[in-house]
Protein chains: 2
Amino acid sequence: MSKPTRRDLSRYVPLLDWGRRYDQATLGADLMAAVIVTIMLIPQSLAYALLAGLPPEMGLYASVAPLLAYAVFGTSRTLAVGPVAVVSLMTAAAIGNLGLEGAEFAAAALVLAGLSGVILLAMGLFRLGFLANFLSHPVIAGFITASGLLIALSQMGHVLGIQTSGDTVIELVEGLVTNLPQTNLPTLVIGLATLAFLFWVRRGLKPLLRRLGAGPRLADLLARAGPVAAVAVSTAAVWAFGLDSQGVAIVGAVPQGLPPLTLPSFDLSLWSSLAGSALLISIIGFVESVSVAQTLAAKRRQRIVPDQELIGLGASNIAASLTGGYPVTGGFARSVVNFDAGAETPAAGAFTAVGIGLAALLLTPLLWFLPKAVLAATIIVAVLSLVDLHVLRRAWGYSRADFTAVAATILLTLLFGVELGVSSGVGLSIVLHLYRTSRPHVAEVGRVPETEHFRNINRHDVLTDPTLLTIRIDESLYFANARFLEDYVYDRIAGAEDLRHVVLMCSAVNEIDMSALESLEAINHRLRDTGLCLHLSEVKGPVMDKLRRTAFLTELTGQVFLSQYDAMRALAPKESPCQQGPRRAEGSNPTG
Amino acid sequence: MSKPTRRDLSRYVPLLDWGRRYDQATLGADLMAAVIVTIMLIPQSLAYALLAGLPPEMGLYASVAPLLAYAVFGTSRTLAVGPVAVVSLMTAAAIGNLGLEGAEFAAAALVLAGLSGVILLAMGLFRLGFLANFLSHPVIAGFITASGLLIALSQMGHVLGIQTSGDTVIELVEGLVTNLPQTNLPTLVIGLATLAFLFWVRRGLKPLLRRLGAGPRLADLLARAGPVAAVAVSTAAVWAFGLDSQGVAIVGAVPQGLPPLTLPSFDLSLWSSLAGSALLISIIGFVESVSVAQTLAAKRRQRIVPDQELIGLGASNIAASLTGGYPVTGGFARSVVNFDAGAETPAAGAFTAVGIGLAALLLTPLLWFLPKAVLAATIIVAVLSLVDLHVLRRAWGYSRADFTAVAATILLTLLFGVELGVSSGVGLSIVLHLYRTSRPHVAEVGRVPETEHFRNINRHDVLTDPTLLTIRIDESLYFANARFLEDYVYDRIAGAEDLRHVVLMCSAVNEIDMSALESLEAINHRLRDTGLCLHLSEVKGPVMDKLRRTAFLTELTGQVFLSQYDAMRALAPKESPCQQGPRRAEGSNPTG
């Protein structure tokens, strides 16, 4: 093995690439972005930790080392990594299954982060990024929407000041309804006020500030500061009026200091019981992260390298598990903010990490009186932007299969929780695809006048010949539809008197597997017995290469034509008797 | 709902169709075939019951009522239904999992037959026959071969006169080796002698008889009678020399009389624990049965109706569960014999049922001294004809994917038993297919001189134009390969200076799902931003219908051309600037 050049190295450590060209202008831009993202991230990290069922400081810890790790290994210039809503929900569900409490629950979160870090790293090194492609857009859209609803519901309890728990819509609603009488009024007031305020900040504040003459960046900064303001004001209020003694749940003690060094437990049974969840979390997190990273990169004509992204996110999660965090990934809203704020390199992420580190070091005592209802409100406002039910109408308008996938994913996620929801969504979309390809569209084609182009006789005025039947199979031929083709051909030739030649036009056949090959051989023999020749046309190179390795071409009663037009010229006009063995039409070289 | 006509009825009860045209000649042919099949079936039913771990009479019972049921509902004229090797092995495995003994074991067999009868019936009524298509030929071939080996191994114990059990190669070989010292010499002698005799009958007897001047049919009949002769002679020998007292295991008491009426137990836990196995048995049995039925039907220009076959086999299995039998299906060897012997209608099956019924009524006392070793030998000789290892070489020569499927199915079946073997074989072949379609073949094409035909520039001397890039995607565009296409296009256009137009030639695109649509929209925007027009050509009708329901066509910077030749004529010669919205090439109507 040769000594790695700097080029190889910087492929795995992009820092070496952009780091060398780092200058003061970039520094300024990155610092500005870092400030905005930090302000936004402090309440979010606390809130998502709460959502994951973890102590708030773990949210802060998950927003320090992971960001540094991504800054070193990530390929996106603007992706902001950290705790995100969906992954926090999945973390809660995954560990919830084990029925752990308190310290054990937190320890399991470290293991989960470590596991998903290892999984992502392995996927990156073995170039398994393509696995994420099996999550179809409808499934992702449905899953995110359903998760958003579940999250919002799960937080309502905090806004009402009542105990709720559960992983499904039914459990959550049940909990809310049964405990509604215990609603704590002061909590409710704080919660609703915060919700109203945050929604207003989202919709109304920024335009207002602009009208008041604030510069766009300042307006943006102030708007982003909304949640922090809510946190500060509500905390002060609770402290001033001693609302905690009136039953307002508060965050309480948050240890002061930098993220601790932690080592996830090596309890094998724990690892194996979390492995499945870790795989789901890794793939969901990767897909969410890569899609936002790609969208942002495209806007600046940058490219991201999915397989390297896996390594970046893997490193982040391993960092999280070693510094008291929990599973992280690239956040959507956060990255957009980072991008809009002008971040130019991953250094912005590193500066954000420093910001959060300082907060953990200095501000945590101030969080004692922070009402949980306010954190819940920030979550609700954040996740409701994930809920997109229009996707249902879009899918319905486009195709039943896609609609089924979206609807099923939403329903199953709401009714049976995130893990079962997303996995059955993936399974369903694969089954639907296989089902469709198992009964392919087949068209009988004729020549479009004055052209050498052949099209469906039912859709176009085309020229045909009674002695010549041309069938265009609109699907690769493989085991799932091999028998379908046999049945179709036999039915079609039954009682076709003048018919002499059957041409299978293979322009849409991208593969012929062994099962389909046996069907083709059967068709060839059956046609020969009934005095018909079987021909192929427009067979693709890779398919032809495979057929050449078989006896099929020698047994074929007819020929293989380069183009359907060649086939028609050769076969249609005159009566041409079957030839044994393959004869080629003049000048035709049936490949490619 | 309208009153069913005789035509409807005879679709579900084919008997009404062929029964009306039944005459004396047919009767004679059917009777002759029935005699031969009966002679062949008596020892087989006993042997396969033994293989399934059931008392021998259940094999006889499974060869009476089920045959009558199939004669009424089946569509194949010559399929011979009854206990078969592979399904017997699967029955043993399925019930073995539950760790039942004696009477409970037999009762479970009734439930298994009832379950698979219901499953087959349901599949037939709901037209789910296509499900069987997901068993690819390589998987079936591998599974049958591996099962044959497992069966032969499992019977060696009887030939040696030692106790063996197990569902996998390792367990079986282990059992044989450890118990080898207990080999019973008289049993071994009988077993080997029978094996030698039966192999000779297969290879040598029929030609010999023909040379001795016997008519082909008589020779065939005598050859088929080989196993019966072995049974008779060996039974007599054991009785005459009292070999049973020397440790030769014999069949012993077989109740005399017609099949009893039985009702499978309705223990729900038993049903649910057998449901999975029943599904596998149903599908495997259906596939095996349908493939032999189709082969034979084709020889006489007859058709079988797969969905009605499901109903026929379902009825047979329900009949089996109601008359003391166990799961049945169409047997390969048996049906070929029935066919060769001249059977013309399912009545032959009914007559066979009568023959077996008589045997159960009259001959069972004679079976007392029948050595199990002889039955085992008949099984071994029968199943070794199923073993076909050449399929490995054929698959290797054709494609790695098919080879992997065969090899994996054989290995997994041998190492982990039939159920895990076949299910993982199916899973694997599906994954391999998805993986292949997730990284499709993509060709850059140019025009073949003097034609309107476009082919791969790397395989043909074709005409191209530097301002025009035409990409032919050789796969349907769906979630698994949507991102692949994006990456390919972006990589390809990077640094192509003179390029003005990109044409996606969709002749091989049989579907565009929602995920792929979003990728196409992304590509369209990205190309527009870089000053390139995106065009489509040769879009199929069904795909075009779907695209028309979206905003994509209005956003498309370029056009949709009926044929690639139209696209080239319109775009290549002159510089044509991007148009906003879709403009159509003259006279082109982009469908079908």
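Everything quoted here is computed from the prediction, not taken from an experiment.

Draft legend 1. Spotlight on the environment of Ile-523 of chain A. All names here are of chain A. As for its position among the elements, Ile-523 is in helix H22 (residues 514-529). On the accessibility criterion, Ile-523 (0% relative accessible area) is buried. As a C-alpha pair, Ile-523 and Val-431 span 92 residues in sequence and 28 Å in three-dimensional space. Other than its neighbours up to four places away in sequence, Ile-523 contacts Leu-485, Glu-486, Val-489, Tyr-490 and Leu-534.

Draft legend 2. Representation of the sheet that holds strand E8 (residues 560-561) of chain A within the structure. Residues and elements named next belong to chain A. The strand order across the open sheet built from six strands is E4-E3-E5-E6-E7-E8, with neighbouring strands paired in mixed fashion. One side of each edge strand has no neighbouring strand; the edge strands of this open sheet are strand E4 (454-456) and E8. Relative to strand E6 (residues 501-505), strand E5 (residues 468-473) is paired through five bridges, and the arrangement is parallel. Within E6, the position partnered with Leu-469 by the bridge is Val-502. Running at roughly 155 degrees to E5, helix H21 (residues 479-493) makes contact with strand E3 (442-447), E5 and E6 of the sheet.

Draft legend 3. Broad picture of unusual backbone geometry. A positive phi angle is found at Arg-127 of chain B, which is not glycine, with a value near 55 degrees. Looking at Arg-127 of chain B, the relative accessible area reads 37%, which means it is partly exposed.

Draft legend 4. Examining the pattern of salt bridges more closely. Considering all chains together, one arrives at 23 salt bridges over all chains under this definition. As a salt-bridge pair, Asp-474 of chain A and Lys-540 of chain B come within 3.1 Å of each other at their nearest N and O atoms. Note that Asp-474 of chain A is positioned in the loop between E5 and H21 and Lys-540 of chain B in the loop between strand E7 (533-537) and helix H23 (541-548), a pairing that runs across two chains. A salt bridge links Asp-545 of chain B to Arg-548 of chain B; the shortest N-O distance between them is 3.8 Å. Taken together, the positions of Asp-545 of chain B and Arg-548 of chain B, both in helix H23 and three residues apart, correspond to about one turn of that helix. Residue Asp-545 of chain B is classed as partly exposed on the basis of its relative accessible area of 29%.

Draft legend 5. Representation of the domain arrangement of chain A within the structure. Its domain assignment divides chain A into domain 1 (22-430) and domain 2 (442-577). Computed from C-alpha coordinates alone, the two centres of domain 1 of chain A and domain 2 of chain A are separated by 55 Å.

Draft legend 6. Structural context of the nonpolar core. Val-502, Ile-512, Leu-547 and Phe-552 of chain A together with Leu-54 of chain B are the most contacted members of the largest nonpolar core, which totals 155 residues. Per element, the largest residue contribution to this core is 14 residues, and it comes from helix H13 (residues 268-299) of chain B. Setting aside residues no more than four positions away along its own chain, Val-502 of chain A makes contact with Leu-469, Ile-471, Ile-493, Leu-527, Leu-532, Cys-533, Leu-534 and His-535 of chain A. Formed by 140 residues, the second largest nonpolar core is a distinct cluster that contains Leu-115 and Leu-367 of chain A together with Leu-485 and Val-539 of chain B.

Draft legend 7. Molecular detail of the pairing of E5 of chain A. Residues and elements named next belong to chain A. Here E5 lies mainly inside the structure; six of its six residues are buried. In this sheet, E5 lies alongside E3 in antiparallel orientation, the contact comprising three bridges. Bridged to Val-442 within E5 is Ile-473.

Draft legend 8. Representation of helix H3 (residues 24-51) of chain A within the structure. Residue and element names in this part refer to chain A. End to end, H3 covers 39 Å across 28 residues, agreeing with the expected 40 Å (1.5 Å per residue, within 8%). Along its length, H3 shows its largest kink, about 35 degrees, at Leu-41, and proline Pro-43 lies within four residues downstream of that point. With a side-chain oxygen positioned 3.3 Å from the backbone nitrogen of Ala-25, the residue opening H3 is Asp-23. One or two steps after H3, the chain reaches Gly-53, where phi turns positive at roughly 80 degrees.

Draft legend 9. View of the environment of Gly-191 of chain A. All names here are of chain A. Within the fold, Gly-191 resides in helix H10 (residues 185-211). Along the sequence, Gly-191 and Asp-17 sit 174 residues apart, while their C-alpha atoms lie 47 Å from each other. Setting aside residues no more than four positions away along its own chain, Gly-191 makes contact with Val-159, Ala-373 and Ala-377.

Draft legend 10. Just the confidence of the model for chain A, in detail. Residue and element names in this part refer to chain A. Summary statistics for chain A give a mean pLDDT of 87 and a share of 95% for residues scoring 70 or more. Across chain A, strand E7 (residues 533-537) holds the top mean pLDDT of 95, while helix H1 (residues 6-12) sits lowest at 70. Confidence drops under a pLDDT of 50 for residues 575-592, and excluding neighbours within four residues, the segment shows 55 contacts in the predicted structure.

Draft legend 11. Molecular detail of the UniProt feature "domain: STAS" (unreviewed entry) in chain A. Following the UniProt record, one finds the feature "domain: STAS" (unreviewed entry) at residues 458-571 of chain A. End C-alpha atoms of residues 458-571 of chain A are separated by 22 Å, and the span's content is 45% helix alongside 16% strand.

Draft legend 12. Summary view of the relation of the copies chain A and chain B. Superposing chain A onto chain B takes a rotation of 180 degrees combined with a translation of 0.0 Å along the rotation axis, leaving an RMSD of 0.1 Å. Expressed as a symmetry operation, the mapping of one chain copy onto the other fits a two-fold axis. Distance from the rotation axis, computed per C-alpha, reaches its smallest value in chain A at Ala-508 of chain A: 1.9 Å. Mapped onto chain B, 100% of the interface residues of chain A again fall at the interface, so both copies present the same surface.

Conventions and cut-offs
Residues numbered from 1 in each chain as written. Chains lettered and ligands numbered in written order. Predicted model: local features only at pLDDT ≥ 70, side-chain atom pairs only at ≥ 80, totals over all residues. Heavy atoms only, no water. Helix = DSSP H or I, 4+ residues; strand = E, 2+ residues; numbered from the N terminus. Buried < 20%, exposed > 50% of the residue type's maximum accessible area, 1.4 Å probe, protein only. Contact = heavy atoms within 4.5 Å. Pairing = 2+ DSSP bridges. Axes fitted to C-alpha atoms, helices over the stretch in contact; angles between N-to-C directions. Salt bridge = Lys/Arg side-chain N within 4 Å of Asp/Glu carboxyl O. Domains from an automatic or database assignment. Core = buried A, V, L, I, M, F, W, Y, C linked by side-chain atoms within 4.5 Å. Expected span 1.5 Å × (residues − 1). Bend = angle between axes of the 7 residues up to and from the residue. Polar contact = N/O pair within 3.5 Å; in protein donor to acceptor, adjacent residues only side chain to side chain. pLDDT = per-residue confidence, 0-100. UniProt positions renumbered as here; feature names shortened; annotations may be inferred. Least-squares fit on C-alpha atoms with pLDDT ≥ 70 in both.

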